[in-house]
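Now for the letters of each chain:
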Amino acid sequence: MEASSSGITNGKAKVFHAEGGVDLQGCQLDMQTRPDGPKSGVDFSEILNAIQEMAKDVNILFDELEAVNSPCKDDDSLLHPGNLTSTSDDASRLEAGGETVREKNKLNGLYFRDGKCRIDYILVYRKSSPQTEKREVFERNIRAEGLQMEKESSLINSDIIFVKLHAPWEVLGRYAEQMNVRMPFRRKIYYLPRRYKFMSRINKQISRFRRWLPKKPMRLDKETLPDLEENDCYTAPFSQQRIHHFIIHNKDTFFNNATRSRIVHHILQRIKYEEGKNKIGLNRLLTNGSYEAAFPLHEGSYRSKNSIRTHGAVNHRHLLYECWASWGVWYKYQPLDLVRRYFGEKIGLYFAWLGWYTGMLFPAAFIGLFVFLYGVTTLDHCQVSKEVCQATDIIMCPVCDKYCPFMRLSDSCVYAKVTHLFDNGATVFFAVFMAVWATVFLEFWKRRRAVIAYDWDLIDWEEEEEEIRPQFEAKYSKKERMNPISGKPEPYQAFADKCSRLVVSASGIFFMICVVIAAVFGIVIYRVVTVSTFAAFKWALIRNNSQVATTGTAVCINFCIIMLLNVLYEKVALLLTNLEQPRTESEWENSFTLKMFLFQFVNLNSSTFYIAFFLGRFTGHPGAYLRLINRWRLEECHPSGCLIDLCMQMGIIMVLKQTWNNFMELGYPLIQNWWTRRKVRQEHGPERKINFPQWEKDYNLQPMNAYGLFDEYLEMILQFGFTTIFVAAFPLAPLLALLNNIIEIRLDAYKFVTQWRRPLASRAKDIGIWYGILEGIGILSVITNAFVIAITSDFIPRLVYAYKYGPCAGQGEAGQKCMVGYVNASLSVFRISDFENRSEPESDGSEFSGTPLKYCRYRDYRDSPHALVPYGYTLQFWHVLAARLAFIIVFEHLVFCIKHLISYLIPDLPKDLRDRMRREKYLIQEMMYEAELERLQKERKERKKNGKAHHNEWP
C-alpha cells in the first residue's frame, strides 16, 4: 500500500496556484527504476545503447540530457499565475502582477498584511491570561533573534490573539547551518553496470511487450496528475560560507514550508521568557498557560472548485487530499515523498511502515484464506465430522450441573464442521508460515527503512542533544553535575532515587496486571454461572445452544471491560511514568509506550489465553468435578472441542476493536469540528466562516493528540499481535487485518489532512521502540502457536490415533481412512449412578430410548467404571501427552532455527544501496572539490583582470 513497496515511477507534478501564490510540487512517487536508472520514467534505451558503445566498464546515465549542470527546482518554484502548460514567467510580467499577487496573498491567510512575508508559525494566547509579563519578555526576545512578528485578534472572540511569525532569509540561513539542514546542491547522477548487447536486446523486447499490457491501476498515473517532473538532487548540510554551491532560484522558496516551520520552532525552544537558566523554551510557556496553542499553518484549503486534472492543485494540502486522503484513491499507492515533505520524516515513516505492513499482509491473507477454503473443500471428506454427525446413538453427559440435559453427539454436528474449517491438515503449515512471515516482514522492513533513510537524507542524521524535561529540572535542580557532552552543569538524579522510583513503578505495573487477571476471573465466573442459566432458558434456541450463547455474551462483556480498563490504564501509565521522572522527552515517551503496550496487550489477550490454554483443561471428570471456591463447576469445552470458542473470541474482539478504533480516530474529530462550526454559525451567521483567515480555520481544528503517533502505532501493534499470536486458531485474522488496514491508511490520511491542525514536521530515522516490541511479539507467536496446535486443537490426538491405534496402525499412513473410529476412541464412558448429588441432572435420559440411561460419554482418555482403577488415565492419554510435548519442542526449535537463518541470510542494507551510498559520497567530494576549484580560478582571473595578481597562488 505504499508507492515504494512495489516500485512506482518517481516524479513530481508541476501544479499551479490558480491565484498565483507560491509554487507547489505535485505527488512525489517512489521510483521503479532506481538505483539502475533515473526517476523520470522516460525510455532511455537509445541513450543506453549509445553510452554502452562508448564505455565498456561503467555507463553514466544522466537524469536529463543536461544532467550535471541542470539545477534542481526549489520546493515551491513550480507555482505561479498562469495555466498548467507554462513553466517560466517573464520578469516584467511578475513585476506587473506583483500588486495583484500581494492582494491575493493577503486574502488567503498565509501571509502578513503586506502580502510579502509568509507566515511560518502561529502562537495563540488569551488577553485575559495572567502570564502577560513572561509573554512580553518572550516576544521581545523573539524580535531580538530576528524573527518578524504580527498580531491579530480572532474574528470569533476578541480575547483570543494570534501571533504570526515570519523568519527572514538571514535567520533561516543562520539556524539552518546550526541545525545541519541538508539542502540540494547538484542533480544526481546515476550509473549503470556494463550491459552486453544480448541483454540490451532482451530488455528492449520486454519493454515493447509491456506496452501492450494494461497499466497498473494502483499507480498514480501521469495522465491523472499531468506534468509530473523528476526532482532528485544531492544534498549537503547548508553552509552560508559555501552558499554558492547550493542551487538557489528564489530565496523565499529555497526552504520549503515544513523546514521553515521546523527552524522557527527550533528558535522558539531556545528563547528565554524570564531571567534564570531554566526559564527558556516555548514548551514551558504552553505548559504554564502563557500560550494556548502553537502550530504551523496548513497551506490553504484542501478543496477546490476546479478539478485537479484540469486546473492542477491549489496547494500541497489539496494535492495530498486528492491523491492520498480521498476515498476515491483507496487502491492507489501512497505518495510517501509528498507526505514526508508536508508532515515531516517522522509521520512519513509511520505511513511508510503502515503501507509496508499492509502490503506484506497480502500473502498472509491469501494463505490464511487458502487454509479456510481448504477446510471448506475437504469438509465432506472429513472422517471425524462424519462420525460426529452420524453418532445418533452416542449420548453425551451434561456440560453443567442439574439443568443441562443429556445430548446426542450428533447435535454438535454443525460445530464439528465449523471446527474443521479452522482446524485441518493445513493449519500446521500455516502456523509455520506465519512465524516465518513475521521474521521476513521485520527483516525486509529494515531494508526498506534503509532505502527510505537514504532517499530522505536520514542516513547521517543524528538526534540533537535533547533538552531536559521541565519537571525533571524542577525536581532535581538542587543537585547538579557536568554533562559529559556539553560540559555544562545540569540537574542530576541519584541512583538510589532512580531505583526506588523504578521499583514503585514496577509494583504499580504488577498490580494493574493483577487487576486484569481479576477481570478475567470475573468473566470465568460469569461463564460458569450463565451456562446453567441458559440451559434452563425458556427459549429453545438459547436452551439448545447454551454454550455458544454463553461464549458470545462473555466475549461482548469482556470487550466492554477491555475498553473501560483501557481508560484506567492510560491514567495509571501516565502517573507511573511521571513518578519515574524520566530525564528527556524521548525517555519519557519510551517508558510510557512500554507501559501502555504491556497494559493493553495483557488486557486484550488475557481472556484469549484463558480460552486457548485453560478452558476445559482442569475440569476433572463426571463424578469428580473440580469446582471454583468449592461451589461452581468449571466450564467444559463443547463436545466438538474448545477451538470454536477461541475462534469466536478472536473474531468478535478483533472486529469490534477495529471498528471502535476507526470510529474514535475519525468520528470523534469530525463530531468535535462539526460542533465548533455549528457554534460559530449560531453566533455569527453561516456566511462568516467563509471569510476566516487560515490561522483561524486551523485553530478551530483539533490538535494532534498529546502522545503524537502513539495511538496509531499501538493500534497496529496490537493488531499485529492478533494476526500472529493465535493465528493457528483463526486463519482469517490476516485477511481481517488487511481489510482494516486498507481503510486505516485512508482514515489516518483524511484525519491528518482535514481534521487535525498541521503537526510540526519532525525528523526520525526509524519507528523507535516499536520495532523491539514487534520482535518480541514475533517470538511469542512461535510459542503460542505451538501450544495452540498441540493443546487446543485435536491435531496431535488425531495423529497419535492414526499411527498407533487406528486401522492403519503400524503402516505409516495417516489418511482419512485411518481415522475411522477416532470419535469413539476419544470418548470415555461414565456410569450415571456415580454422579454427585449436586451434579445429578434433573432428566434421566429416558427421552432417548424410553428407559433411563445407565451410561453417558465424555471427552477424555479414561478407563471404564468397571476397571481396577475406575476412571484412571489410559495408556493412550500418556501417548497423546508425550506427543504434544514433543511437538511443542520440535516445532519451536524448528521455527526458531528458520527465523534465525532468515535473519542471517537477509542483510539489513541492500547491496545496491550500499554501492550507491559509497559512490554518492565519492561524487559529492569530487563535486565540492570541483566547485571550490572553479571558484578559486574565477577569483584569480578577476584579480589578474584588475591587476591585483599575487605570487604563490594556489592553484
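Criteria and thresholds
- Residues numbered from 1 in each chain as written.
- Predicted model: local features only at pLDDT ≥ 70, side-chain atom pairs only at ≥ 80, totals over all residues.
- Heavy atoms only, no water.
- UniProt positions renumbered as here; feature names shortened; annotations may be inferred.
- Helix = DSSP H or I, 4+ residues; strand = E, 2+ residues; numbered from the N terminus.
- Buried < 20%, exposed > 50% of the residue type's maximum accessible area, 1.4 Å probe, protein only.
- Contact = heavy atoms within 4.5 Å.
- Areas by Shrake-Rupley, 256 points an atom, 1.4 Å probe, with all protein chains shown as cover.
- Phe/Tyr/Trp six-rings, centres within 6.5 Å; stacked < 30°, edge-to-face > 60°.
- 1 Å grid on protein atoms, 1.4 Å probe; cavity = no way out; pocket = protein on both sides within 12 Å on 5 of 7 lines; lining within 4 Å.
- Points joined across faces, edges and corners; volume = space filled by probe spheres on them.
- Nonpolar A, V, L, I, M, F, W, Y, C, P; charged D, E, K, R; others polar.
- Lys, Arg positive; Asp, Glu negative; His and termini not counted.
- Salt bridge = Lys/Arg side-chain N within 4 Å of Asp/Glu carboxyl O.
- Pairing = 2+ DSSP bridges.
- Axes fitted to C-alpha atoms, helices over the stretch in contact; angles between N-to-C directions.
- pLDDT = per-residue confidence, 0-100.
- Core = buried A, V, L, I, M, F, W, Y, C linked by side-chain atoms within 4.5 Å.
- Disulfide = S-S within 2.5 Å.

An unreviewed UniProt entry annotates the protein as Anoctamin originating from Octodon degus. Per UniProt, the protein has the following entry under Sequence similarities (unreviewed entry): "Belongs to the anoctamin family."

(A) Geometry of the overall build of the protein. A count of helical and extended segments in the protein gives 31 helices and 21 strands. Each of the 955 residues in the protein was classed as buried or not, and the buried ones make up 52%. Relative to all contacts within the protein whose residues are 6 or more apart in sequence, the contacts with residues 24 or more apart total 77%. Carbon and sulfur atoms make up 58% of the accessible area of the protein, which amounts to about 45200 Å² in all.

(B) Spatial organisation of the packing of aromatic side chains. Across all of its chains, the model carries 53 aromatic pairs by this definition. Ring centres 5.2 Å apart and planes at 50° place the aromatic pair Phe-592 and Phe-710 in the tilted group. Taken together, the positions of Phe-592 in helix α21 (residues 585-613) and Phe-710 in helix α24 (residues 710-725) put the pair 118 residues apart, joining distant regions of the chain. Residues Phe-592 and Phe-710 agree in their burial class; the two are buried. Summarising the aromatic geometry, the rings of Phe-609 and Phe-726 are spaced 5.0 Å apart at their centres and angled 75° between planes, so their arrangement reads as edge-to-face. Taken together, the residues span a long stretch of sequence, with Phe-609 in helix α21 and Phe-726 in the loop between α24 and α25 (733-755) at a distance of 117 residues. Classification of Phe-726 by relative accessible area gives buried; the value is 1%.

(C) How the structure looks around empty space enclosed by the protein. Tallied over the entire structure, the rule returns 13 cavities of 30 Å³ or more. Computed from the structure, the largest cavity encloses a volume of approximately 190 Å³. Every residue lining the largest cavity is counted, 17 residues in all, and those nearest its centre are Val-384, Val-388, Pro-639, Ser-640 and Arg-859. Those elements that place two or more of their residues in the lining of the largest cavity are α14 (383-390), α15 (413-422) and α28 (822-825). Per-class residue counts for the lining of the largest cavity are nine nonpolar, five polar and three charged.

(D) Region of interest: the side chain of Glu-744. For Glu-744, the location among the structural elements is in helix α25. Here Glu-744 sits buried without a salt bridge, and the closest side chain of opposite charge, Lys-751, lies 5.7 Å off (N-O distance). The residues touching Glu-744, leaving out its near neighbours within four places in the chain, are Tyr-350, Leu-354, Asn-662, Glu-665, Glu-715 and Met-716.

(E) Broad picture of the UniProt feature "transmembrane region" (unreviewed entry) in the protein. With numbering aligned to this structure, UniProt lists the feature "transmembrane region" (unreviewed entry) at residues 350-376, 426-445, 502-528, 548-569, 597-618, 717-739 and 767-791. Helix makes up 100% of residues 502-528 and strand 0%, with an end-to-end C-alpha separation of 39 Å.

(F) Geometry of the sheet that holds strand β4 (residues 121-126). Pairing in this open sheet of four strands is antiparallel, and the strands run β5-β6-β4-β11 from one edge to the other. The strands lining the two open edges of the sheet, one partner per strand, are β5 (148-153) and β11 (293-295). Direction aside, the axes of adjacent strands within the sheet are offset by 20° on average. Here six bridges tie β5 to strand β6 (residues 160-166), and the two strands are oriented antiparallel to one another. Looking at β6, one finds that Glu-152 is bridged to Phe-162. Packing against the sheet, helix α4 (residues 132-144) makes contact with β4, β5 and β6, and its axis sits at approximately 160° to β4. Docked against the sheet, helix α8 (residues 257-268) engages β4 and β6, running at close to 50° with respect to β4.

(G) The pattern of salt bridges, seen in detail. In this structure the tally under the stated criterion is 23 salt bridges. Between Lys-164 and Glu-150 there is a salt bridge, and its shortest N-O distance comes to 2.8 Å. Separated by 14 residues along the polypeptide, Lys-164 in strand β6 and Glu-150 in strand β5 bring together distant segments of the chain. Classification of Lys-164 by relative accessible area gives buried; the value is 1%. One salt bridge in this structure joins Glu-345 and Arg-763, with 3.2 Å as the shortest N-O distance. Taken as a pair, Glu-345 in helix α13 (residues 345-377) and Arg-763 in the loop between α25 and α26 (769-792) lie far apart in primary sequence, 418 residues in all. Judged by its relative accessible area of 6%, Glu-345 falls in the buried class. Put simply, Arg-113, Glu-150, Glu-152 and Lys-164 are held in one network by salt bridges that share partners.

(H) Structural detail: the packing of helix α16 (residues 427-455) against α24. One can describe the packing of α16 onto α24 by two numbers: an axis separation of 9 Å at closest approach and a directional angle of 145°. Residues Met-434, Trp-437, Ala-438 and Phe-441 of α16 lie in contact with α24, whose contacting residues are Phe-720, Thr-723 and Thr-724. In terms of residue class, the contact of α16 with α24 is made up of five nonpolar, two polar and no charged.

(I) Local environment of the pairing of β6. In terms of residue burial, β6 counts as a mostly covered element, since seven of its seven residues are buried. Residue alternation in β6 divides its side chains into two sets, Ile-160, Phe-162, Lys-164 and His-166 and Ile-161, Val-163 and Leu-165, and both sets are buried. Relative to β6, β4 runs antiparallel, the two sharing six bridges. Each residue of the ladder has a partner; that of Arg-126, found in β6, is Ile-160. Between β5 and β6, which pair antiparallel in sequence order, lie six residues.

(J) Representation of the confidence of the model for the protein within the structure. Looking at the protein, pLDDT values average 77 and 79% of them are 70 or higher. Per-element averaging of pLDDT across the protein places strand β3 (residues 58-62) at the bottom with 32 and β11 at the top with 93. Between residues 1-96, whose pLDDT stays under 50, and residues either more than four places distant or in other chains, the model counts 288 contacts. Confidence drops under pLDDT 50 across residues 949-955; counting only partners more than four residues distant or on other chains, this segment forms nine contacts.

(K) Representation of the nonpolar core within the structure. By size, the foremost hydrophobic cluster in this structure holds 150 residues, and its most contacted members are Phe-343, Trp-353, Tyr-357, Trp-437, Phe-441 and Trp-445. Phe-343 has contacts with Leu-320, Trp-324, Phe-752, Val-753, Pro-759, Leu-760, Ala-761 and Ser-762, leaving out every residue within four places of it along the chain. Judged by nonpolar contacts, the second largest core, of 39 residues, contains Ile-161, Val-163, Leu-172 and Ile-267.

(L) Representation of the side chain of Thr-874 in the model. In this structure, Thr-874 sits in the loop between β21 (855-859) and α30 (875-905). If we ignore the near neighbours within four places in the chain, the residues touching Thr-874 are Tyr-861, Arg-862 and Asp-863.

(M) Up close: the state of the cysteines. Overall, the coordinates contain three disulfides when judged by the stated rule. A sulfur-sulfur distance of 1.9 Å marks the disulfide that ties Cys-397 to Cys-856. Across the S-S bond linking Cys-397 and Cys-856, the dihedral sits near 85°, which makes this disulfide right-handed. Here Cys-856 lies in strand β21 and Cys-397 lies in the loop between β12 (395-396) and β13 (407-408), a separation of 459 residues in the sequence. Taking the relative accessible area as the measure of exposure, Cys-397 reaches 7% and is therefore buried. By relative accessible area, which is 1% here, Cys-856 ends up buried. With a sulfur-sulfur separation of 2.0 Å, Cys-808 is cross-linked through a disulfide to Cys-818. Where Cys-808 bonds to Cys-818 through sulfur, the torsion about that S-S bond is close to -85°, and the disulfide is left-handed. With a gap of 10 residues between them, Cys-808 in the loop between α27 (795-805) and α28 and Cys-818 in the loop between α27 and α28 connect regions that are remote in the sequence. Residue Cys-808 shares its accessibility class with Cys-818, and that shared class is buried.

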